[in-house]
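Residues per chain, in single letters:
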Amino acid sequence: MLVVQRDCRACGLVLDELPGWLADQPQLAVVSQDAGYPPDLDSLTDTDLEASRRLAVEGTPALLHLRGGEVVDRVEGWHRDEWRRISRRPRLGEQLPEAYPGCASKVIDPERPDSPVPLRARRTDLGEREDPAEAAYALGWTDGLPVIPPTPERVERMLTGTSRQPNEVVATMPPNFAKVTVEKAAINAVMAGCRPDYLPVVLAAVAAAATDTFNIHGVAATTHFVGPVVVVNGPIATAIGMNGGGNALGPGNRANITIGRALNLIVANVGGARPGGIDRSTLGSPGKLSFCFAEEEAGSPWEPLAVERGVPPGRSAVTLFAGVGPQPVVDQRSRTPESLAASLALSLRTVGHAKLAGRTDALVVIAPEHAAVFARAGWDKATLRRELLDLLTVPGAEWVAGADGIAEGLPPAAADHAVSKFRPDGLWFVHAGSSAGLHSAIIGGWVSGAAGSDMTTVEVE
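Presented here is an overview of the structure given in this document. No experiment lies behind these values; they were computed from the predicted model shown.

Some points on the pairing of strand β15 (residues 360-366)
Here is step 1: For β15, a buried count of seven out of seven residues is recorded, marking the element as mostly surrounded by other parts of the structure.
Here is step 2: Across the two faces of β15 the burial is the same, with T360, A362, V364 and I366 and D361, L363 and V365 all buried.
Here is step 3: Note that β15 and strand β19 (residues 439-447) share six bridges and pair antiparallel. Residue pairing across strands places T360 opposite V447, the latter belonging to β19.

Written as C-alpha cells, this is what we have:
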C-alpha cells in the first residue's frame, strides 16, 4: 500500500515512478489523503483519515507491506534502498535522489480538531542496563526524591486527563521564560506521581504561578523560605479525592502531594529555577517540595476562599499563595470569639518578625473546632478579619528599630503613628483540618504587593 497527499513534494517524486510500477504490480493499492489526488489515477480516498490512522501513518509518502491486514514492514519518506527492499524492485527510483524528506501525515496535523498531536518533547534514550531513577538524578530532573520515568505511554495516558491540545501553551515560565505546553506539564505530572484526572489542577496552578501578580521568579529567587502554597476549591477537589480534613497539610493523600510536587518540578525543569542556581533560599522549607491542599468546604461556616476571591460558587479554582511552612496556633481554652481572635493575633504578630509590619501577608488555616467558636457567635470571615486588623494595629513606637533593645524594626518615623501588621487585603482565611483538635495554623507570606507576590486565583478548565 502506498499512502500519499497532494502537498507533499516527495509524494510527487514517487508518483512519477508509479505507472511502470503498477504495470507489473497491480496489487499495489494507492491511498490518498486528498480527494482527486493523484489525478487520472484510480486511488482510494482517505480524507477522513480512518485508514491512515488505523495504519499509524505519521509521514508521507508511506510504503506499507500488509499481510492479513496487519503492517509487517514500512517506510515513510523517500529512502531508495528501503523502498527497493520493500517493493522488491531493485531498480526502483534510479532517477531519484538517494533520499528525500517526506511530509507529516495529516493524521498528526495539529490544525485538524480531530487529529491527535504527537508528543514533541525530545526523548532521552537510556542504556539497556541504566537505572531510570538514577538517570533522572544525574540529569537534574528531580527534587531529591525519585521520579516516575515519563515514558511516552505514561505521558499519553496523563494527557487523557484534559481535552486541551498537547502543544497548547499554558504559560511562559520564568526565570528562563520557557513555554510550558500541556505536554510538558503532563511529563512533569507523570514524574511527580499524578493521576490523569489531576492534570487540570496542575495546569491551573502553572497558569497562576506564571502571572506577574504571583511572580514565581521572585518567589523562587529570593533568599526567603517561601514557596508556592496551592489551595484547591470547588467540585474538582472532591472528584479527584483531595484532602481538606485531618492531616491536610501533611502526607497521606496522593492528590495533595503530587499536584504540589508537579508544580515545583515544572518551575525547576521548565522554568529553570533549581536550588543552588536561581533558587537562592537561605534555608528553604519543606513546602518548596510540595504544599497543596483542598479547603474543607462541606462543614465550613464560611464561603470558600475562591468564592471570596470572585470565583462563582460551584466552580473549581486554584489559589496560589507565596508562603512558608505552617506555624501552629494551639489554643484549647478559648470559648469566645474575642478570646480566640486575640490568641490568633498574638501569634500573627510574629509572622516574618514581631517588629516588622505592612510587608507580609498571611493565610490562616482555621480548623473546624476553632471555626465553630466563631460560627456560634455569628462571626464571618470579614468580621474576623476586622477584629484581627484592629488587634494588630498598635503604637508605632513598639515596632521601630531599637525598641526593646532589638536592632530590627521599622524606621524611626513609624513611632509617630499607629501601625498595622497587615494590609487591609493581606489577611486571608481557609477552613481545613480534622474535626478533633483545637488547633489552627498560620502560613506566613513573603513580601507583598508589586515588589513581591500577591495571592492569585485561577479557575480550573
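Side note on the pairing of strand β6 (residues 70-76)
Across a regular strand the side chains alternate sides, sitting on one face of the sheet and then on the other.
Here is step 1: The pairing of strand β5 (residues 62-67) with β6 spans six bridges and is classified as antiparallel. By the bridge assignment, R67 is partnered in β6 with E70.
Here is step 2: The turn linking β5 back onto β6 is made up of two residues, and G68 within it adopts a positive phi angle of 65°.

Concerning the packing of helix α8 (residues 199-209) against helix α11 (residues 254-269)
Here is step 1: Where α8 contacts α11, the two axes come as close as 9 Å, and the packing angle between them is 45°. One finds that α8 runs oblique with respect to α11. By crossing handedness, the relation of α8 to α11 is classed as right-handed. Two secondary-structure elements touch here, α8 through V201, V202, A205, V206 and A209 and α11 through I259, A262, L263 and I266.

As for the packing of aromatic side chains
Here is step 1: Evaluation of the coordinates by the stated rule reveals four aromatic pairs.
Here is step 2: Seen in terms of ring centroids, F291 and F293 are 6.2 Å apart; in terms of plane orientation they differ by 40°. Their pairing is tilted.
Here is step 3: Take F291: its relative accessible area is 6%, and that puts it in the buried class.
Here is step 4: Centre to centre, the rings of W302 and F374 are 6.3 Å apart; their planes meet at 35°, and the pair counts as tilted. Of this pair, W302 sits in the loop between β13 (292-294) and α12 (305-308) while F374 is found in helix α14 (residues 368-376), placing the two residues 72 residues apart along the sequence.
Here is step 5: On the basis of relative accessibility, which here comes to 7%, the residue W302 falls in the buried class.
Here is step 6: Judged by relative accessible area, F374 falls into the buried class, the value being 0%.
Here is step 7: Of the aromatic side chains, those joined through ring pairs into one cluster are W302, F374 and W379.
Here is step 8: In this structure, R309 is placed above the aromatic ring of W428, and the distance from its NZ or CZ to the ring centre is 4.9 Å.
Here is step 9: Here the basic side chain of R385 rests over the ring of W428, its NZ or CZ set 5.3 Å away from the ring centre.

Criteria and cut-off values
- Residues numbered from 1 in each chain as written.
- Predicted model: local features only at pLDDT ≥ 70, side-chain atom pairs only at ≥ 80, totals over all residues.
- Heavy atoms only, no water.
- Buried < 20%, exposed > 50% of the residue type's maximum accessible area, 1.4 Å probe, protein only.
- Helix = DSSP H or I, 4+ residues; strand = E, 2+ residues; numbered from the N terminus.
- Pairing = 2+ DSSP bridges.
- Axes fitted to C-alpha atoms, helices over the stretch in contact; angles between N-to-C directions.
- Parallel < 35°, antiparallel > 145°, perpendicular 65-115°, else oblique.
- Left-handed = near helix turned anticlockwise from the far one by under 90°.
- Contact = heavy atoms within 4.5 Å.
- Phe/Tyr/Trp six-rings, centres within 6.5 Å; stacked < 30°, edge-to-face > 60°.
- Lys NZ or Arg CZ within 6 Å of the ring centre and 35° of its normal.

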